[in-house]
Amino acid sequence: MKRIKVIDSHTCGEPTRVVIAGGPELGGGSVADKLRAFREQHDDFRRAIVNEPRGSDVLVGALLVAPGDQSCVTGVIFFDNVTFLGMCGHGTIGVVVTLAHLGRIQPGEHRIETPVGVVTVKLHEDGAVSVTNIPSYRIAKQACIDIPGWGKLAGDVAWGGNWFFFTDQHGLDLVLPSVHALTDLAWRTRLAANSQGFPEVDHVVLLGPPRSPGAHSQNFVLCPGKAYDRSPCGTGTSARLACLAADAKLAENELFVQESILRTQFTGRYRWLDRTDGVIVPTITGTAHVTAEATLILSESDPFCWGIQ
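Since the structure is predicted, the reported quantities are computational estimates derived from the model, not experimental observations.

The rules we used
In this convention, every chain numbers its residues from 1, walking through the sequence in written order. The predicted origin of the model limits local features to residues at a pLDDT of at least 70 and limits the giving and counting of side-chain atom pairs to 80 or more, whereas totals for whole chains, interfaces and linings rest on all residues. The basis for every side-chain value is the complete set of heavy atoms in the structure, and neither hydrogens nor water enter the calculation. Ring pairs shown here join Phe, Tyr and Trp side chains whose ring centres sit within 6.5 Å, with only the six-membered ring taken for Trp; geometry is labelled stacked below 30 degrees between planes, edge-to-face above 60, and tilted in between. Think of it as a cone above the ring: NZ of Lys or CZ of Arg counts as a charge over the ring if it is within 6 Å of the ring centre and within 35 degrees of the ring normal. Segments assigned H or I by DSSP are reported as helices when at least four residues long, segments assigned E as strands when at least two residues long, and all are numbered from the N terminus. Throughout, a contact is declared for two residues whenever any of their heavy atoms are within 4.5 Å. A simple rule labels every residue: compare its accessible area, found with a 1.4 Å probe on the protein chains alone, to the largest value its type can have, and call it buried under 20%, exposed over 50%, or partly exposed in between. For the purpose of charge, His is not counted, nor are the chain termini; Lys and Arg are scored as positive and Asp and Glu as negative. Throughout this description, the term salt bridge denotes a Lys or Arg side-chain nitrogen within 4 Å of a carboxyl oxygen of Asp or Glu. Throughout, nonpolar core names a set of buried Ala, Val, Leu, Ile, Met, Phe, Trp, Tyr and Cys residues whose side chains join them through atoms within 4.5 Å.

1. A few points about the packing of aromatic side chains
For step 1, the next point in the chain: With the rule as written, the count across this model stands at 9 aromatic pairs.
For step 2, the next point in the chain: What links up through ring pairs into an aromatic cluster is the set Phe38, Phe45, Phe79 and Phe84.
For step 3, the next point in the chain: Geometry around Phe84 places Arg46 over its ring, the cationic atom sitting 6.0 Å from the centre.
For step 4, the next point in the chain: For Arg230, the ring lying beneath its charged end belongs to Tyr228, and the centroid distance is 3.8 Å.

2. A closer look at the environment of Gly286
For step 1, the next point in the chain: Summarising the element assignment, Gly286 is placed in strand S16 (residues 279-286).
For step 2, the next point in the chain: Spatially, the C-alpha atoms of Gly286 and Met87 are 16 Å apart, while their sequence positions differ by 199 residues.
For step 3, the next point in the chain: Excluding residues within four positions of it along the chain, Gly286 makes contact with Ile93, Ala128, Val129 and Phe266.

3. Observations concerning the environment of Gly94
For step 1, the next point in the chain: Checked against the element boundaries, Gly94 lands in helix H3 (residues 89-101).
For step 2, the next point in the chain: Sequence-wise, Gly94 and Val118 are 24 residues apart; in three dimensions their C-alpha atoms are separated by 16 Å.

4. Things to note about the side chain of Glu113
For step 1, the next point in the chain: With respect to the secondary-structure elements, Glu113 resides in strand S6 (residues 108-114).
For step 2, the next point in the chain: With no salt bridge to any partner, buried Glu113 finds its closest opposite charge in Lys34, at an N-O distance of 7.0 Å.

5. Describing the nonpolar core
For step 1, the next point in the chain: Counting residues in each nonpolar core, the largest one holds 59 residues, and the members touching the most others are Phe78, Val95, Phe165, Leu206 and Phe220.
For step 2, the next point in the chain: No other element matches helix H4 (residues 179-195), which puts 6 residues into this core.
For step 3, the next point in the chain: The next biggest cluster of nonpolar side chains, apart from the first, holds 21 residues, and it includes Val6, Phe38, Ala48 and Ile49.

6. A short note on the pattern of salt bridges
For step 1, the next point in the chain: Under the defined criterion, the tally for this structure stands at 12 salt bridges.
For step 2, the next point in the chain: When the shortest N-O distance is used, the salt bridge between Asp302 and Arg54 registers 3.9 Å. Remark: Arg54 occurs in the loop between helix H2 (43-50) and strand S3 (60-65) and Asp302 occurs in the segment after strand S17 (288-298); sequence separation between them is 248 residues.
For step 3, the next point in the chain: With relative accessibility at 29%, the residue Asp302 sits in the partly exposed group.
For step 4, the next point in the chain: Look at Arg54 and you get buried, because its relative accessible area is 17%.
For step 5, the next point in the chain: Note that Asp173 and Arg211 form a salt bridge whose closest N and O atoms lie 2.3 Å from each other. Here the residue Asp173 occupies a position in the loop between strand S11 (163-167) and H4, and Arg211 occupies one in the loop between strand S12 (203-208) and strand S13 (217-222), the gap between them amounting to 38 residues.
For step 6, the next point in the chain: A relative accessible area of 42% places Asp173 in the partly exposed class.

Take it as geometry only, folks, not as evidence of what the structure does.
See the structure below:
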């Protein structure tokens, strides 16, 4: 019998489960090295933490590991019900709030090592968290894809720690009663994008006009495991800022408020890293709340010890 200590939180509605004790031994090196060991040798642990019966399709896991970069307060590996994530914005906010809950950090700036690089975070006195993400950029503007049963659809492809396809040409209402139709279109869009020149795309973002005063845009984000993001999506907002910057629709350090399908909000801004190549450094601010401290029990006598696949 194995006991795993976790702390659950949600960031603007999107849950994160942080593993604080009981994780697998992943060896030394960078967090990217540890991710390779995790993926190749311990995928059963990923499934056990976030899949049913202990988790759900929407849950994102975060395993705290020793950082390779000693200037970092921790390393972290993010994962969901089907795969590992290079970076997770809402999850990073959840990790910061969890570390504060544990008394491991105080308000101020800190560095966290992820598999795709080091991110700088700031825990504000009021509990909000700002994440200065890895460099983000767009690789395709208004790429046209053909979606079977739908027709042609154009959108931008951009990187913000994960790969995204953005489109506002869907004609659907971004409200909870439309989740089934939104999921269906976003999933077919991903499959089409993957087969028609963009195999790296793992998230699809359907854009719409804002519903709340002060917001600039609303989104519906479909994640790799076919669950929709309850938050406005941190890496998605980072990639969106790269698109807006490239199109000169948002000035450097100008605030941009992205709201989710739940109408929760992230505030984003960016600074230029390379204007010629359209590379920015985005900063995303949001809030998270701890919801549980728990011990997960993994028993080999349990037929679903390693999760339901």
